[in-house]
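# Structural overview for review
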Amino acid sequence: MESVLSLTQELIAHEKQLSLSVALMISQNEELKKDYLHNDRQHAFETIQKEIEKVKQYLQIENLDIQLHTKDAKSFVKSWDFETYGDDLSPFRKGIMLVQQNKLPLVSIELGKRLNIKALCPIFDKDVYLGSLEVIMGFDEIAQKLKNKKIHFLVLMDKEFLQIGEWMKDLEQINHYVVVNNSCAQNCQEILTSVISKPTLEEGFARKEGFLFGFTPLFDIDALRVGYIGIWFNESLLKESLLLRATLAPNAKPLHVNDINTLKTFDTQREIIIR
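Thresholds, definitions, all that
Residues numbered from 1 in each chain as written. Predicted model: local features only at pLDDT ≥ 70, side-chain atom pairs only at ≥ 80, totals over all residues. Heavy atoms only, no water. Core = buried A, V, L, I, M, F, W, Y, C linked by side-chain atoms within 4.5 Å. Buried < 20%, exposed > 50% of the residue type's maximum accessible area, 1.4 Å probe, protein only. Helix = DSSP H or I, 4+ residues; strand = E, 2+ residues; numbered from the N terminus. Contact = heavy atoms within 4.5 Å. Axes fitted to C-alpha atoms, helices over the stretch in contact; angles between N-to-C directions. Parallel < 35°, antiparallel > 145°, perpendicular 65-115°, else oblique. Left-handed = near helix turned anticlockwise from the far one by under 90°. Nonpolar A, V, L, I, M, F, W, Y, C, P; charged D, E, K, R; others polar. Pairing = 2+ DSSP bridges.

## Focus: the nonpolar core
Core analysis: the largest hydrophobic core is formed by 55 residues, its most contacted members being Leu68, Leu115, Leu133, Val135, Phe153 and Met157. Per-element tally for this core: the top contributor is helix 1 (residues 2-26), with 10 residues. Setting aside its immediate chain neighbours within four residues, Val135 contacts Ser19, Val22, Ala23, Leu64, Asp65, Ile66, Ile117, Lys118 and Ala119.

Written as structure tokens, this is what we have:
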């Protein structure tokens, strides 16, 4: 169980690196910089839609969103909603404010209107700060990789954070937690309800009806515990534990920012923040 939880964390770390690499790449798009300078939201929207299609095709991923922010931390363009913009994000988006202050890329699991992986990167025209770009990835890719190995994946958020994550109010709730992601969408409510409790989550392990459960705390950008990551699988998989450990690791080589030598905006002395 500890091995599977550790490997699940590795998959999450891989998704963080992937999203950050994508953010760094798209932030160098010259057309996008021109759109900022000319305040051309329509063309910026079209540009990021094209970039999203390329990324999805090359990396074989299904779920990816991009949001552009102005230099004063307001929403400029959203890939999923062109009409809505101008929202002040500074009161509840710590990541955007850190990028604005430090002018450094950053990636973390961050709570906004949704809880997901957010990679942020400043956009410069020469040395002029124009705003920031945000690549948003959920947990679906991780859930699918685990499901292929007969392992269910679960992300729980404490209900108290629904005042911030307003887009999650309609999601399924179990006891005192919001189910942000659940790879076992059917016939799991009863067993999960019986397992998910504060004592079990804090202990980190449970065994029920032939299944083994493991939980680990989920921390946000401020190292605040916002919920838990959970995995569970049938006890029969224990017979294949060595094979399980070998095949769960990410297939792709981790994408480290230091390997990207073509980006002129960020010299090798600058820091990339991964939380």
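## A few points about the packing of helix 1 against helix 3 (residues 41-59)
Axis separation between helix 1 and helix 3 bottoms out at 12 Å; the angle between their running directions is 140 degrees. On the basis of the axis angle, helix 1 is oblique to helix 3. For the pair helix 1 and helix 3, the crossing hand works out as right-handed. Two secondary-structure elements touch here, helix 1 through Leu18, Val22, Met25 and Ile26 and helix 3 through Glu51, Val55 and Leu59. Considered class by class, the residues forming the contact of helix 1 with helix 3 number six nonpolar, no polar and one charged.

## Description of the pairing of strand 11 (residues 225-234)
Of all 10 residues in strand 11, eight are buried; the element is thus mostly enclosed. Pairing of strand 6 (residues 152-158) with strand 11 involves six bridges; the strand directions are antiparallel. Looking across to strand 11, one finds that His152 is bridged to Trp232. As paired strands, strand 10 (residues 211-219) and strand 11 are joined by nine bridges and run antiparallel to one another. Bridged to Phe211 within strand 11 is Asn234. Between the end of strand 10 and the start of strand 11, which pair antiparallel, lie five residues, with Ala223 showing a positive phi angle near 60 degrees.

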